[in-house]
Amino acid sequence: MERPTELPSGTPRAEVVADLVDAFSDHGVPALLVRAPGVDAGSAGLVGEGPWRHDIDVIVPRQRRTAAGDAVDALDWRLSLGGSALWRHAPTVSYHWDYGPDLFLHRGVPAGPLPSRALDPLARALSSSAAPHGGIRVPDAATLAVFAATQAARPTPHRALWLGDFRVHLAASEPGTVERLARRLGLSAAVRWAQGDAAERLPVHLGGPLFDGGATALAWRTALLLRRFARPQRLRRRLGGVPTPGDAIARSRFAGLEFQAGPGAFIPQPVSEPMVELASEGLTGSGGVVVDVGTGVGAVALAVASRHPGAEVHGCDVSADGLRWAARNRRRLGLERVTFHRGSLLEPVLPLLEGRVDVLTVNVPYVPPWALGRDYRDRDGTVLGRADDGLGLHRELLAQAAAVLAPGGRLIVQLAIDQWELFAPSMASWGIAPRPLAAASFEDAVCWGVAEAFRGTASRGV
């Protein structure tokens, strides 16, 4: 199968779309590319550039959902949302790349809060109008205009994006073709609405008109009302059909392993991966003792344990939800020897590990309260640190760290870069000699500082 040639080479979007083409071809999955910034589908541009994360949309047949998922799973995405548990039958699964595009894989045309079957006639029209385009099939401009109008009519935070796509495809279509097609499909209400000013003003949590009349129009209005007043809010979002963090189970690839995180648990982030490498540097021989504070779903603790089978590894956290997911990840990865404890900082392991810990990794909330604005609400307590500088928990930890670290033991802390100089004197006051920053990542927004050497051992440069 030919790779796309219209995409500018070397861009993250180009690489992902090219990889998708090969993956779908290898798995025999017929796929329709309905949105990809930079792809020119004949006279219509699949555009929508701007500050949008909603970058690439692909539709596959519902009956090939398993094969399509296997195809995308073969790629090097970082995070995936949806496709399991309560979201197993939702029409959309999203995939996200580091510093690259987001992929929304649709099993059928999304019609939430109605099932995707409600728009099967449109799905057939998209497929029948599609032509090969650089190795993948892309519908014609008129059908894409109708598709964009239907997506704008749904309750969605991406309405402005879909309305922009609609106007591009409408302008690229022969006069009257979009209206005739929409009328034949019973969707002219959505097209007329997308052409007017009311679409721009509609709040994103509400839906616009979609079907022309009859039972389908009544079902649509009823579904919108049910979604609008559904409780709890998680159910409301579930009816929308697009998985979101905190609702759908997330799969995250971290340090060469795959972790799951569900509601109430923090999703492992690539900014924390260097902690695993630095922890490995602090382990010599076949053994060693490692404690991961703020372990969440167990990502750092389990990644270290997978690399050091002889190490004694513990994880501590205050979150019962996070620790439940840590236990599930432990079972999935076959690392039952890792022990998780519930409690604040090092309190659960203080008597057990006094003076024995070789490596202590710490990722507790550190963002200063002022940094995200007074309106920010840290509902799960995983972001905002204590004290004005965000380092209150870290200073509280130091007395406990001094008690558990072995001579020469290593402390690895995730901090923002400008917090390192604030925290280094506090470490030194407890006999933990800080060394220069060991790692920096995430566009210099987050760094990892390593303070090693305890009980007077000299610090070592990086």
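A brief look at the structure comes next. Not measured: the values here are computed from a predicted model.

**Description of the overall build of the chain**
Argument step 1. When its secondary structure is counted, the chain shows 16 helices and 19 strands.
Argument step 2. Classification of the 462 residues of the chain by burial places 53% in the buried group.
Argument step 3. Taking contacts inside the chain between residues at least 6 apart in sequence as the whole, the part at least 24 apart equals 66%.
Argument step 4. Working note: accessible area of the chain is about 19900 Å², and carbon and sulfur atoms make up 54% of it.

**Regarding the nonpolar core**
Argument step 1. Judged by nonpolar contacts, the single largest core of 67 residues is most densely connected at L20, F24, I56, V58, L122 and V146.
Argument step 2. Residue contributions to this core peak at nine residues, all from helix 4 (residues 141-153).
Argument step 3. Beyond its immediate sequence surroundings of up to four residues, L122 is in contact with V109, T143, V146, F147, T150, L185 and L187.

**Observations concerning the side chain of R410**
Argument step 1. The topology assignment puts R410 in strand 16 (residues 405-415).
Argument step 2. A polar side-chain atom of R410 sits 3.3 Å from a polar atom in the side chain of E281.

**Some points on the pattern of salt bridges**
Argument step 1. For the structure shown, the criterion picks out 13 salt bridges.
Argument step 2. As a salt-bridge pair, E258 and R253 come within 3.7 Å of each other at their nearest N and O atoms.
Argument step 3. The shortest N-O distance in the salt bridge between E277 and R307 comes to 2.7 Å. Here the residue E277 occupies a position in helix 11 (residues 273-281), and R307 occupies one in helix 12 (residues 299-307), the gap between them amounting to 30 residues.

**Overview of the pairing of strand 4 (residues 56-60)**
Argument step 1. Most of strand 4 is tucked away: five of the five residues are buried.
Argument step 2. Covered by surrounding structure in strand 4 are I56, V58 and V60 together with D57 and I59, the residues of both alternating faces.
Argument step 3. Inspection of the sheet shows strand 1 (residues 32-35) paired to strand 4 by three bridges, in the antiparallel sense. Residue pairing across strands places L33 opposite V58, the latter belonging to strand 4.
Argument step 4. Pairing analysis gives five bridges linking strand 4 to strand 7 (residues 102-107), with the strands arranged parallel. Within strand 7, the position partnered with V58 by the bridge is L105.

**What about unusual backbone geometry?**
Argument step 1. A cis amide bond, omega 15°, links G112 with the succeeding residue P113.
Argument step 2. Examined against the element boundaries, P113 turns out to sit in the loop between strand 7 and helix 3 (120-129).
Argument step 3. Its identity is not glycine, yet A255 carries a phi of approximately 55°, on the positive side.
Argument step 4. Tracing the sequence through the fold places A255 in the loop between strand 10 (250-254) and strand 11 (257-261).
Argument step 5. A relative accessible area of 15% means that A255 is categorised as buried.
Argument step 6. If you check the backbone angles, L345 has positive phi at about 50° while not being a glycine.
Argument step 7. Secondary-structure assignment places L345 in the loop between strand 14 (339-342) and helix 14 (350-353).
Argument step 8. In this structure L345 comes out as buried when scored by relative accessible area, which is 7%.

Definitions and limits used
Residues numbered from 1 in each chain as written. Predicted model: local features only at pLDDT ≥ 70, side-chain atom pairs only at ≥ 80, totals over all residues. Heavy atoms only, no water. Helix = DSSP H or I, 4+ residues; strand = E, 2+ residues; numbered from the N terminus. Buried < 20%, exposed > 50% of the residue type's maximum accessible area, 1.4 Å probe, protein only. Contact = heavy atoms within 4.5 Å. Areas by Shrake-Rupley, 256 points an atom, 1.4 Å probe, with all protein chains shown as cover. Core = buried A, V, L, I, M, F, W, Y, C linked by side-chain atoms within 4.5 Å. Polar contact = N/O pair within 3.5 Å; in protein donor to acceptor, adjacent residues only side chain to side chain. Salt bridge = Lys/Arg side-chain N within 4 Å of Asp/Glu carboxyl O. Pairing = 2+ DSSP bridges.

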